There are 2 protein chains.
Amino acid sequence: MKAIIHEGKLGVAGLSYRDFEEVQPQAGEVKVKLKIAGLNHRDLFVLNRHQPSDPPLIIGSDGAGIIEAVGKGVANVNVGDEVLINPGIGWKEKTDAPPQGFEILGHPFHGTFAEYVVIPSENVVPKPEYLTWEEAGVLSLAALTAYRALFTRGRIQSEMKVLIPGIGSGVATFLLQFAKAVGATVYVTSRSPEKCQMALELGADKAINSNEDWSKALGREKMDLVIECVGAATFNKSLDQLRPGGTIVTFGASAGDEVQLNLRTFFYGQLNLLGSTMGSAEEYKEMLEFIKVHKIKPVVDQIYPLDQFDKAFERIETASQLGKIGFSIM
Amino acid sequence: MKAIIHEGKLGVAGLSYRDFEEVQPQAGEVKVKLKIAGLNHRDLFVLNRHQPSDPPLIIGSDGAGIIEAVGKGVANVNVGDEVLINPGIGWKEKTDAPPQGFEILGHPFHGTFAEYVVIPSENVVPKPEYLTWEEAGVLSLAALTAYRALFTRGRIQSEMKVLIPGIGSGVATFLLQFAKAVGATVYVTSRSPEKCQMALELGADKAINSNEDWSKALGREKMDLVIECVGAATFNKSLDQLRPGGTIVTFGASAGDEVQLNLRTFFYGQLNLLGSTMGSAEEYKEMLEFIKVHKIKPVVDQIYPLDQFDKAFERIETASQLGKIGFSIM
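Residues numbered from 1 in each chain as written. Chains lettered and ligands numbered in written order. Predicted model: local features only at pLDDT ≥ 70, side-chain atom pairs only at ≥ 80, totals over all residues. Heavy atoms only, no water.

## Quick notes on the relation of the copies chain B and chain A
To keep it simple, the criterion reads: The least-squares superposition of copies is restricted to C-alpha atoms, and to residues with a pLDDT of at least 70 in both copies. Two residues qualify as a contact provided that any one of their heavy atoms is within 4.5 Å of a heavy atom in the partner residue.
For the pair chain B and chain A, the superposition axis carries a translation of 0.0 Å, the fit reaches an RMSD of 0.0 Å, and the rotation angle comes to 180°. As the rotation angle and translation indicate, the two copies are arranged about a two-fold axis. In this assembly the copies share their binding face: 100% of the residues contributing to the interface of chain B also contribute to that of chain A.

Structure below.
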């Protein structure tokens, strides 16, 4: 089969589109013929974590497709079923942290940027009918990350004021859609007028240019909740917008991960800083229920053929996308 | 009446022991004849917050004594009752942050380092009989701060492993006593062998010299909860000891309040950082119930006559105390 392989060199330089050996499902596993795979920031990180001395790896965490074969003892799906993939391997219940051994598809296990992927059968769920293949294929990792950050960690409520700095990424876009579906008042920031515009179209109550004075732009409204994935560039500005007793959930640091924190301001404000990454299978199911009820669809930026991976990676590296980038697999 | 007054100069230089006008209780207030007042780190901060241009101020937050007079409409106490003072003014329910207007006795309102104090009647509760006057007079602020940090914020459970860096202060000593009463496993750190020894006598499972390698000293046991009041000197060492999904509660920064935080380590670890200060009247009542059930007594370091305030302030400034410092008021 054809796949995007990382081998021999760190970074994008180690990528190629080439033939790779197909495998068959073992007991408890299924083989999925992929129709769409989704690109994530995580795929960029993997290119620097997967070492030149490691065996060749099929990268990619997200995907949707059709069950091609099932291993012994698989009861939840049948050949021909249309499925969505939960890329989290080994985290079942909604616990405060994943258990030892938790991994995400695409490193160290082979991932979804390929014609086929073999995974545990518990990692596939029926594709929601209202989603196109493109929407289904780019959904999982970002929507699950957003769900855990906003619901399990941030405990969002309808009466809350929520700030999402750095709108535009897949996760941030889901955060906005989920928070509006709950009924919260949602503010977003971006350096890009296009991303601000998109956010307003998705229902944001206000979209602020990141370079503005946030306090002024927010009319001195203080936030119950900030969901922060930018990192160093915005972290302290985000903290400043919290009301006393407010919560900031951090799940990303694309603009730097080392921040300065004033503990005294923090504890006098009775503030909360909560770290979040990914989510469990339980949260994945809750997330799917939630998006089905609210008919939430991912914002799809662009879909590339698998062999044009270099264009897709350039787009995500330069943060040019509005929503999710995907690959179509023929 | 005699009182310790702060006026005219910042810091300890602005303190004197002198006559000050007595006032009578208004509607809803009580006048307490103090027997013991308790010294807190907060009293040190107040000396730099209360400006030379401000009117003279009686400092002091903690105290216990006998009801001398009651204003109109006071129904919860009578003249002659032995009472303890909750120094938090205007924070009733256990909310995530105090309401606007919340203040602590001793700044901006006149405090307890005096023969008499006039306060809202809701701020006095019956003195628990098993406590001496000395123990009752030094209890409130530290025990309330410890209670909120450990229970409301840290949600301590009996099966938890808890680390308390910088044992020796009043709050830290209560944290240790409360956590042991719950049944938790408790580790403490201090630079002082005497403080480590005291902690072991109070039931600490292990007392570590702060300069040791904490990971080694803890036998690589990871903590569910760290309650941190030291600040910059220990903050990152404390973070390193948390298990994935663990919680650090911060309520003090005696050794510096600016810290460097790595967001990526924080969110991959699904960690929680929760700020805490003081507590509400609801928590004050819960705390009193808790200490009565477990017969917890404050560790009393030294009791000075009120006119020897300079010795008491020197002792707390140099962190020489083991437990609480108090004043006896004749």
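Having seen it, we continue.
## Here we look at the packing of aromatic side chains
All names here are of chain A. Applied cut-off: The pairing test for Phe, Tyr and Trp rings, Trp by its six-membered ring, is centres within 6.5 Å, and the orientation test on the planes gives stacked under 30 degrees, edge-to-face over 60, and tilted for anything in between. Secondary structure elements are defined from DSSP: runs of H or I of at least 4 residues count as helices, runs of E of at least 2 residues count as strands, and each element is numbered from the N terminus. The buried label goes to any residue with under 20% of its type's maximum accessible area, the exposed label to any with over 50%, and the partly exposed label to all in between, with areas taken from a 1.4 Å probe on protein chains only.
Enumeration according to the criterion identifies 18 aromatic pairs over all chains in this entry. Relative to Phe178, the ring of Phe174 has its centre 5.7 Å away and its plane inclined at 40°; by these criteria the two rings are tilted. Linking Phe174 with Phe178, this pair stays in helix α4 (residues 170-182), spanning four residues, or about one helical turn. Like Phe178, Phe174 is buried.

## So, the pairing of strand β17 (residues 272-275) of chain B
Basically, it comes down to this: DSSP calls a pair of strands paired once it identifies at least 2 bridges connecting them.
Judged by which residues are buried, β17(B) turns out to be covered on both faces: B:Asn272 and B:Leu274 on one side and B:Leu273 and B:Gly275 on the other are all buried. As defined by bridge partners, strand β17 (residues 272-275) of chain A adjoins β17(B) across three bridges and the pair is classed as antiparallel. When the sheet's bridge partners are listed, A:Leu274 is paired in β17(B) with B:Asn272. Sheet analysis places strand β15 (residues 242-250) of chain B next to β17(B), joined by four bridges and oriented parallel. Bridged to B:Val249 within β17(B) is B:Leu274.

## Some words on the interface of chain B and chain A
The accessible area lost on association of the parts is a frequent measure of interface size. Rules: Put simply, buried area is the surface a 1.4 Å probe can reach on two separate parts but cannot reach once they are joined, added for both. What makes a salt bridge here is a side-chain nitrogen of Lys or Arg within 4 Å of a carboxyl oxygen of Asp or Glu, nothing more. Each residue is assigned to one class: nonpolar for Ala, Val, Leu, Ile, Met, Phe, Trp, Tyr, Cys and Pro, charged for Asp, Glu, Lys and Arg, and polar for all the others, Gly among them.
The interface of chain B with chain A comprises 37 residues on the first partner and 37 residues on the second. For the chain B and chain A pair, buried surface summed over both sides reaches about 3,200 Å², with 48% attributable to carbon and sulfur atoms. By the criterion of area lost to chain A, the three top residues of chain B are B:Leu263, B:Phe267 and B:Gln270, representing 22% of everything that side buries. In this assembly, chain B and chain A are joined by four salt bridges. For the side of chain B that touches chain A, the residue count by class is 18 nonpolar, eleven polar and eight charged.

## Considerations on the confidence of the model for chain A
Low-confidence regions, as indicated by low pLDDT, have predicted coordinates that should not be scrutinised in detail. This is how the line gets drawn: Note: pLDDT gives the predictor's confidence per residue, expressed from 0 to 100.
With 100% of its residues at a pLDDT of 70 or more, chain A has an overall mean of 96. The ipTM value of the predicted complex is 0.95, and its pTM value is 0.95.

## Comments concerning the pattern of salt bridges
Using the criterion set out here, one finds 26 salt bridges over all chains in the structure. Measuring nitrogen to oxygen at the nearest pair gives 2.9 Å for the salt bridge that ties A:Glu283 to A:Arg148. Linking A:Glu283 in helix α9 (residues 281-294) with A:Arg148 in helix α3 (residues 140-153), this pair joins segments that are 135 residues apart in sequence. The exposure class of A:Glu283 is buried, given its relative accessible area of 0%. In this structure, B:Lys31 engages B:Glu22 in a salt bridge whose closest nitrogen and oxygen atoms are separated by 2.6 Å. Through salt bridges with shared partners, a single network forms among A:Asp96, B:Asp224 and B:Arg243.

## Remarks on the sheet that holds strand β4 (residues 57-58) of chain A
All names here are of chain A. Taken in spatial order, the three strands make up an open sheet running β2-β1-β4, and their pairing is antiparallel. Of all the strands in the sheet, the pair left with one neighbour each is β2 (15-19) and β4. Inspection of the sheet shows strand β1 (residues 2-6) paired to β4 by two bridges, in the antiparallel sense. Bridge pairing links Ile5 to Ile58 in β4.

## Quick word on the domain arrangement of chain A
Residues and elements named next belong to chain A. How we decide: Domain delimitation follows an automatic or database domain assignment. Distance and chemistry together define a polar contact, namely a pair of N or O atoms within 3.5 Å, with one atom able to donate a hydrogen and the other to accept it when in protein, and with adjacent residues in sequence counting only for side-chain atoms on both sides.
Under the domain assignment, chain A is made up of domain 1 (2-139 + 298-328) and domain 2 (144-275). Spacing between the C-alpha centres of domain 1 and domain 2 amounts to 28 Å. The interface is formed by 15 residues belonging to domain 1 together with 13 residues belonging to domain 2. Summing both sides of the interface, domain 1 and domain 2 together bury roughly 1,000 Å²; the carbon and sulfur share of this comes to 65%. Considering only the side of domain 1, the residues that lose the most area to domain 2 are Lys94, Val299 and Leu322, jointly responsible for 38% of the buried surface there. Linking domain 1 with domain 2 are zero salt bridges. There are five residue pairs in polar contact (both at pLDDT 80 or more) connecting domain 1 and domain 2. Here the side of domain 1 that touches domain 2 is composed, by residue class, of seven nonpolar, five polar and three charged.

## A look at a negative patch on the surface
Where we set the bar: In this analysis, a patch consists of residues with relative accessible area above 30% that form no salt bridge, clustered at 9 Å for like charges and at 5 Å for the nonpolar side chains Val, Leu, Ile, Met, Phe, Trp and Tyr. Working definition of accessibility: Shrake-Rupley area with a 1.4 Å probe, residue cover restricted to the visible protein chains. This count recognises Lys and Arg as positive and Asp and Glu as negative, with His and chain-terminal groups excluded. Note on charges: their place is set at NZ of Lys, CZ of Arg, CG of Asp or CD of Glu.
Negative charge collects at one region of the surface, where A:Asp307, A:Asp310, A:Glu314 and A:Glu317 lie side by side. Inspection of the secondary structure puts A:Asp307 in the loop between β18 (300-305) and α10 (309-317).

## Looking at the environment of A:Glu129
Structurally, A:Glu129 is set in the loop between β10 (124-126) and α2 (133-137). A sequence separation of 200 residues divides A:Glu129 from A:Ile329, and the C-alpha atoms of the two residues are 20 Å apart.

## Brief notes about the nonpolar core
Nonpolar side chains in soluble globular proteins tend to be buried together. Quick reminder of the rule: As used in this record, nonpolar core signifies buried Ala, Val, Leu, Ile, Met, Phe, Trp, Tyr and Cys residues forming a set joined through side-chain atoms within 4.5 Å.
Core analysis: the biggest nonpolar cluster contains 108 residues, and A:Phe178, A:Ile291 and B:Phe178 have the highest contact counts within it. When sequence neighbours within four positions are dropped, the list of residues in contact with A:Ile291 reads A:Tyr130, A:Leu131, A:Leu139, A:Phe178 and A:Ile296.

## A few points about the packing of helix α4 (residues 170-182) of chain B against helix α9 (residues 281-294) of chain B
Residue and element names in this part refer to chain B. Worth spelling out the cut-off: Structural elements are reduced to axes, namely lines fitted to C-alpha atoms, with helices fitted over the stretch in contact, and the angle between N-to-C directions of any two is expressed from 0 to 180 degrees. Angle categories are assigned with fixed cut-offs, so that under 35 degrees is roughly parallel, over 145 is roughly antiparallel, 65 to 115 is roughly perpendicular, and the rest are oblique. Left-handed describes a crossing whose near helix is turned anticlockwise from the far helix by less than a right angle; the clockwise case is right-handed.
The N-to-C vectors of α4 and α9 enclose an angle of 65°; their axes lie 11 Å apart at closest approach. The orientation of α4 relative to α9 falls into the category roughly perpendicular. Here the hand of the crossing between α4 and α9 comes out left-handed. Between α4 and α9, the contacting residues are Phe178, Ala181 and Val182 on the first element and Met287, Phe290, Ile291 and His294 on the second. Of the residues in the contact of α4 with α9, the class split is six nonpolar, one polar and no charged.

## Quick word on the sheet that holds β15(B)
Taking strand neighbours across the sheet as the criterion, the twelve strands line up as β13(A)-β12(A)-β11(A)-β14(A)-β15(A)-β17(A)-β17(B)-β15(B)-β14(B)-β11(B)-β12(B)-β13(B) in an open arrangement whose pairing is mixed. The open sheet has two edge strands with one neighbour each: β13 (206-209) of chain A together with β13 (206-209) of chain B. Here the average twist between neighbouring strands, direction ignored, is 20°. Here strand β12 (residues 185-190) of chain A runs beside β13(A); their pairing, made up of four bridges, is parallel. From the neighbouring strand, A:Tyr187 faces β13(A), where its bridge partner is A:Lys206. Sitting on the sheet, α4(B) touches β11 (161-164), β12 (185-190) and β14 (223-228) of chain B, and the angle it makes with β12(B) is about 160°. This element, helix α5 (residues 193-201) of chain B, spans β12 and β13 of chain B of the sheet and lies at about 170° to β13(B).

## Regarding the pairing of strand β6 (residues 82-85) of chain B
Residues and elements named next belong to chain B. One ladder, built from three bridges, connects strand β5 (residues 62-70) with β6; its direction is antiparallel. Paired with Ala64 across the two strands is Leu84, which belongs to β6. Pairing of β6 with strand β10 (residues 124-126) involves three bridges; the strand directions are antiparallel. Bridged to Val83 within β10 is Pro126.

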